Amino acid sequence: MQATTTSFGIEEALEQLGINKTNLGTSTGSEWFSNGEEISSVSPVDGQLIAKVSTTSKEDYEKVMASATSAFKDWRVKPAPQRGEIVRQFGEELRRLKEPLGKLVSYEMGKSYQEGLGEVQEMIDICDFAVGLSRQLHGLTMHSERPGHRMYEQYHPLGVVGIISAFNFPVAVWAWNTALAWVCGDVCVWKPSEKTPLTGVACQKIAAKVFADNDLPEGISCLINGDYKVGEMMTNDKRVPLISATGSIRMGKIVAQAVAARLGKSLLELGGNNAIIVTPDADIKMTVIGAVFGAVGTAGQRCTSTRRLIIHESIYDKVKDAVVAAYNQLRIGNPLDENNHVGPLIDKDAVKNYQNALEKVVEEGGKIIVEGGVLEGEGYESGCYVKPAIAEAENSYEIVQHETFGPVLYMMKYSGNVENALELQNGVVQGLSSAIMTNNLREAERFLSVQGSDCGIANVNIGTSGAEIGGAFGGEKETGGGRESGSDAWKIYMRRQTNTINYTTELPLAQGIKFDL
Ligand code: UN1
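Here the structure is a predicted model, which means the values were calculated and not measured.

J.: What am I meant to see in a nonpolar patch on the surface here?
T.: Residues Leu507, Leu509, Ile513, Phe515 and Leu517 make up a contiguous nonpolar surface patch of roughly 660 Å² in combined accessible area. As for its placement among the helices and strands, isoleucine 513 is situated in the segment after strand 23 (494-502). Overall, the relative accessible area of 49% leaves isoleucine 513 in the partly exposed class.

Written out as structure tokens, the structure reads:
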């Protein structure tokens, strides 16, 4: 087993990332504390313990907050383009360490090495985006209704941004938040998933080096570790004006209520139940690639993974046969081996949820058309490898309405026009990503219209996953409404101020009100 680890160069990757396996836990930058209980980072690839990481105690948390609030006072007065220069250097370090970090992501989380590298590439891309943004954090100027007055708006940094991220994108989602927050003048406290603490440690080390090389104070990048109890320290903390949380709808509802109770801001990126509509005019070859990658890529553990295929009855059998044939070609195994398409699920709880979904769909009347199952034997010792499965199911089934984080795809038919497909697609509580495969312009435009997809992401002739960083990322309904990453998502990391300046010797009131003394 150890041989697997070393043969794929994990020990070397850890060394290159400066992880020496001691004193890992809470950090304000170059300083590390490890006073809490330990959590184990176990690889789903081979079931090996990679390292132990200490959770954040209340005292450690207080040290972090003292450091972060003090660092904010310095960081916020640094001109934004200079903050951008620091983020540029951070992006350079990520370029240098792309391979070891991508490898650690793959080994700790279980996604393919290629996807691990892709995740680090998203980090690099958001850094580049943020560098440009650091010269463009602009508000509008408006015409005042009063003579001799100037009115404009400006954006100021918010303060400490709390980031709670999920195991499935253990590093990219942090970078989407942190690269923007840093150029905006905020400091960040990050709680990575307790299932992937080591990639968190690696990122913290990379960031800390850049801050230290530039003689910047501790506290601009902070790391805390642990489960929801540690998360609660932040969500209940008035010193944290914004909480950005990625994870399940269940978690998001708890976070949103805690943050709202103190009138803080939250940015939520929660579950999806993403569908591809396949119309009579679809390109079948493209549909198969989009659907299969969407459903089995990252072993179905993306919030953008394709969960439902809604296929027109006239081409149903053709699409079904092509997708089933593609599933028969899938190779499941060690994700660090580039010959494999599908790696393991994150842990045995995830395996149980996957098994439960397959049982439930049959109980509710569904029909399995590609058998699932847990793989055993050589190479599968971690117990986390499962076969991607497909079931024919109705949209109304309870299990279909629910997001199962694994490679389970539901296929269903629609008849008539695209409106019928849209009714099914929109007929779930989640609203993250959606897609239509069509060469028919009218259908595509109907899908994108006000009566079309109700999701935050709506794609034509592209699958549901694999969004680029340049667009705003997030979804509607119970997906939580937040937007991260590109476009103007930066605005949530800043506070907006409207300024009106009177350069006359009179004091005219707005709305024509007279107040003579
Ligand atoms: C997530 O699963 O939380 O669009 C993020 C995608 C990736 C990001 C997914 N760029 O699939």
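J.: Please explain the sheet that holds strand 13 (residues 306-312) as it appears in this structure.
T.: Paired through backbone hydrogen bonds, the strands of a sheet run either parallel or antiparallel to each other. One open sheet holds the seven strands; their spatial order is 14-15-16-13-12-18-19, and the pairing between them is mixed. This sheet does not close on itself; its edge strands, each paired only once, are strand 14 (367-370) and strand 19 (457-460). For this sheet, the mean inter-axis angle between neighbouring strands, taken without regard to orientation, is 25°. Inspection of the sheet shows strand 13 paired to strand 16 (residues 408-414) by five bridges, in the parallel sense.

J.: Explain the packing of helix 5 (residues 98-109) against helix 8 (residues 197-213) here, please?
T.: Packed helix pairs are specified by the crossing angle of their axes together with the interaxial distance, meaning the distance between the axes. Interaxial distance between helix 5 and helix 8 falls to 9 Å at its minimum, and their mutual angle equals 160°. Classified by the angle their axes make, helix 5 and helix 8 are roughly antiparallel. Helix 5 and helix 8 meet at a crossing whose hand is left-handed. Note on element contacts: helix 8 touches helix 5 through Pro197, Leu198, Thr199, Ala202, Cys203 and Ile206, opposite Leu101, Leu104, Val105 and Glu108. Class assignment of the residues belonging to the contact of helix 5 with helix 8 gives a composition of eight nonpolar, one polar and one charged.

J.: Explanation requested: the pattern of salt bridges in the structure shown.
T.: Applying the stated rule across the entire model yields 22 salt bridges. Measuring nitrogen to oxygen at the nearest pair gives 4.0 Å for the salt bridge that ties aspartate 488 to lysine 491. Aspartate 488 sits in the partly exposed class, given a relative accessible area of 41%. Taken together, the salt bridges that share partners define one network made up of Lys58, Glu62, Asp237 and Arg239.

J.: Hey, could you run me through the UniProt feature "domain: Aldehyde dehydrogenase" (unreviewed entry) in the chain in this one?
T.: Look at the UniProt record and you will see "domain: Aldehyde dehydrogenase" (unreviewed entry) annotated at residues 35-498. For residues 35-498, helix accounts for 39% and strand for 20%, while the C-alpha atoms at its two ends are 45 Å apart.

J.: How do you make sense of the UniProt feature "active site" (unreviewed entry) in the chain when you look at a structure like this?
T.: Summarizing the sequence annotation, UniProt attributes the feature "active site" (unreviewed entry) to Glu269 in the numbering used throughout. Its place among the elements puts glutamate 269 in strand 11 (residues 265-269). In this structure glutamate 269 comes out as buried when scored by relative accessible area, which is 1%.

J.: Help me understand the domain arrangement of the chain, please; the structure alone is not making it clear to me.
T.: The accessible area lost on association of the parts is a frequent measure of interface size. Taken domain by domain, the chain holds domain 1 (10-270 + 480-496) and domain 2 (274-460). Centre-to-centre, using C-alpha coordinates, domain 1 lies 31 Å away from domain 2. The largest per-residue losses of area from domain 1 upon contact with domain 2 belong to Pro44, Val45 and Glu115, which jointly make up 27% of the total buried on that side. Glutamate 115 serves as the salt-bridge partner of arginine 302, at 3.2 Å between the closest nitrogen and oxygen. Mapped by element, the contributors of at least two residues to the side of domain 1 that touches domain 2 are helix 5 and helix 6 (113-133). The element contributing the most residues to the side of domain 1 that touches domain 2 is helix 5, with five residues.

J.: What am I meant to see in the pairing of strand 18 (residues 433-437) here?
T.: Sheet faces and side chains relate simply in a regular strand, where the side chains alternate between the two faces. Within strand 18, five of the five residues are buried, which leaves it mostly tucked inside the rest of the structure. Burial along strand 18 is two-sided: the face carrying Ser433, Ala435 and Met437 and the face carrying Ser434 and Ile436 are both buried. Bridging between strand 12 (residues 274-278) and strand 18 involves four bridges; their strand directions are parallel. Residue isoleucine 276 lies in a different strand from strand 18, and its bridge partner there is alanine 435. Both strand 18 and strand 19 contribute to a ladder of four bridges, which runs parallel. Pairing of isoleucine 436 across the sheet is with valine 460, part of strand 19. The parallel pair strand 18 and strand 19 is bridged by helix 16 (residues 441-448), and the resulting crossover is right-handed.

What counts as what
- Residues numbered from 1 in each chain as written.
- Predicted model: local features only at pLDDT ≥ 70, side-chain atom pairs only at ≥ 80, totals over all residues.
- Heavy atoms only, no water.
- Patch = residues over 30% accessible without salt bridge, like charges linked within 9 Å, V, L, I, M, F, W, Y side chains within 5 Å.
- Areas by Shrake-Rupley, 256 points an atom, 1.4 Å probe, with all protein chains shown as cover.
- Salt bridge = Lys/Arg side-chain N within 4 Å of Asp/Glu carboxyl O.
- Helix = DSSP H or I, 4+ residues; strand = E, 2+ residues; numbered from the N terminus.
- Buried < 20%, exposed > 50% of the residue type's maximum accessible area, 1.4 Å probe, protein only.
- Pairing = 2+ DSSP bridges.
- Axes fitted to C-alpha atoms, helices over the stretch in contact; angles between N-to-C directions.
- Parallel < 35°, antiparallel > 145°, perpendicular 65-115°, else oblique.
- Left-handed = near helix turned anticlockwise from the far one by under 90°.
- Contact = heavy atoms within 4.5 Å.
- Nonpolar A, V, L, I, M, F, W, Y, C, P; charged D, E, K, R; others polar.
- UniProt positions renumbered as here; feature names shortened; annotations may be inferred.
- Domains from an automatic or database assignment.
- Buried area = accessible area lost by both parts, 1.4 Å probe.
- Right-handed = clockwise from strand over helix to strand, strands pointing away.

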